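Remarks on the overall topology
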2 protein chains.
Amino acid sequence: MIAPCSPVAASPAEGRVLGSAEVIAALAALAQEHRLAAFRLLVEAGPDGVSAGDLADRLSIPRSSLSFHLNQMMQAGLIVQRRESRSLIYSADFAAMAALVGFLTENCCRGAGC
Amino acid sequence: MIAPCSPVAASPAEGRVLGSAEVIAALAALAQEHRLAAFRLLVEAGPDGVSAGDLADRLSIPRSSLSFHLNQMMQAGLIVQRRESRSLIYSADFAAMAALVGFLTENCCRGAGC
DNA sequence: CTGTCATTTCCATAATATTGGAAATATGGA
DNA sequence: TCCATATTTCCAATATTATGGAAATGACAG
């Protein structure tokens, strides 16, 4: 018996199991300087999220570039968008992120601590 | 107090803490069909590893292409190479993978189960 | 309506990644 | 030494991603 981390049994309350195409999309979505930075800001911001404009300012990149990156992350299912009056507010999809980490620990981590 | 998974304190026996450039390299290394497949085979194989030729056969891709991908993963620090007579044997670096998962849970997972 | 703010879409350009055949390199055996 | 095996490096073609300005869209106030 191994039982490395989790106090619960094996595959617990994982909302969703990903196929490798989805995993690749999610990994690619995070494997970029501006996107990783944006995602971390969104994680920090929590469910309130951050508007596109704020993000662009905080990251110091042009709005059209940011828009491109946000789109990538949405298509990968890592973030979510909602409109609030004139602004579009983005927030991290924590369940999706948890599913990604779940995939990695289960498929790519055999034996190592997590 | 939150204490989501680990029975130990905060940042436990993590061999190494990654900067975001390293994380991006590792994510990009896994964000590709053939590389993710290769890495999963290496994880399954454990410390014994698999030779380049075997991997190419199992993945059904040309040797020069595989060589390119193995190089990417080595540069990203996710796999390791050793020579055994005529063959080059590759194996997964589990500590590196654990560090990647550690980064993701700590920086991109706030609040979600892991 | 008209103007303004917030953001996206369009699009051309530039940069980076992927592919695979052919030639080069390393290793061990006859 | 010479040959066969295992794998890499080279390189050119192709494909995919990233950039950012300008024009288009959506929302709201006067």
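Residues numbered from 1 in each chain as written. Chains lettered and ligands numbered in written order. Predicted model: local features only at pLDDT ≥ 70, side-chain atom pairs only at ≥ 80, totals over all residues. Heavy atoms only, no water.

- Chain A appears in an unreviewed UniProt entry as Helix-turn-helix transcriptional regulator from Sphingomonas ursincola.

Overview of the protein's contact with DNA strand D
- For DNA strand D, the set of nearby residues contains 21 residues, the closest of which are A:Arg35, A:Ser64, A:His69, B:Gly53 and B:Tyr90.
- Here, DNA strand D places atoms within 4 Å of the protein, and 68% of those atoms are sugar or phosphate.
- At 3.4 Å, a backbone N or O of B:Ala52 approaches a phosphate oxygen of DNA strand D.
- A distance of 3.0 Å separates a sugar or linking oxygen of DNA strand D from a polar side-chain atom of B:Arg86.
- Tallied by class, residues from the surface near DNA strand D come to 5 nonpolar, 12 polar and 4 charged. (Near = heavy atom within 4 Å. Polar contact = N/O pair within 3.5 Å; in protein donor to acceptor, adjacent residues only side chain to side chain. Nonpolar A, V, L, I, M, F, W, Y, C, P; charged D, E, K, R; others polar.)

As for the sheet that holds strand E1 (residues 50–51) of chain A
Residues and elements named next belong to chain A.
- With respect to topology, 3 strands assemble into an open sheet ordered E1-E3-E2, the strand pairing being antiparallel. The two strands at the open ends of the sheet, each matched to only one other strand, are E1 and strand E2 (79–84).
- Two strands pair when backbone bridges link them, and E1 and strand E3 (residues 87–92) are joined in this way by 2 bridges, in the antiparallel orientation. In the sheet register, Val50 faces E3, and the bridge partner there is Tyr90.
- Set on the sheet, helix H4 (residues 63–75) makes contact with E2 and E3; between it and E2 the angle comes to about 120°. (Pairing = 2+ DSSP bridges. Helix = DSSP H or I, 4+ residues; strand = E, 2+ residues; numbered from the N terminus. Contact = heavy atoms within 4.5 Å. Axes fitted to C-alpha atoms, helices over the stretch in contact; angles between N-to-C directions.)

Observations concerning the protein's contact with DNA strand C
- The environment of DNA strand C is made up of 22 residues, and the closest members are A:Gly53, A:Tyr90, B:Arg35, B:Ser64 and B:His69.
- Backbone atoms, meaning sugar and phosphate, make up 70% of the atoms of DNA strand C lying within 4 Å of the protein.
- Within the contact set of DNA strand C, a phosphate oxygen lies 3.4 Å away from a backbone nitrogen or oxygen of A:Leu88.
- Contacts to DNA strand C include B:His69, whose side-chain N or O atom sits 2.4 Å from a phosphate oxygen.
- The set of elements that each furnish at least two residues to the surface near DNA strand C consists of helix H3 (52–59), H4 and E3 of chain A together with helix H2 (33–45) and helix H4 (63–75) of chain B.
- Considering each element in turn, the surface near DNA strand C owes the most residues, 5 residues, to H4(B).
- Taken together, the residues that form the surface near DNA strand C break down as 5 nonpolar, 12 polar and 5 charged.

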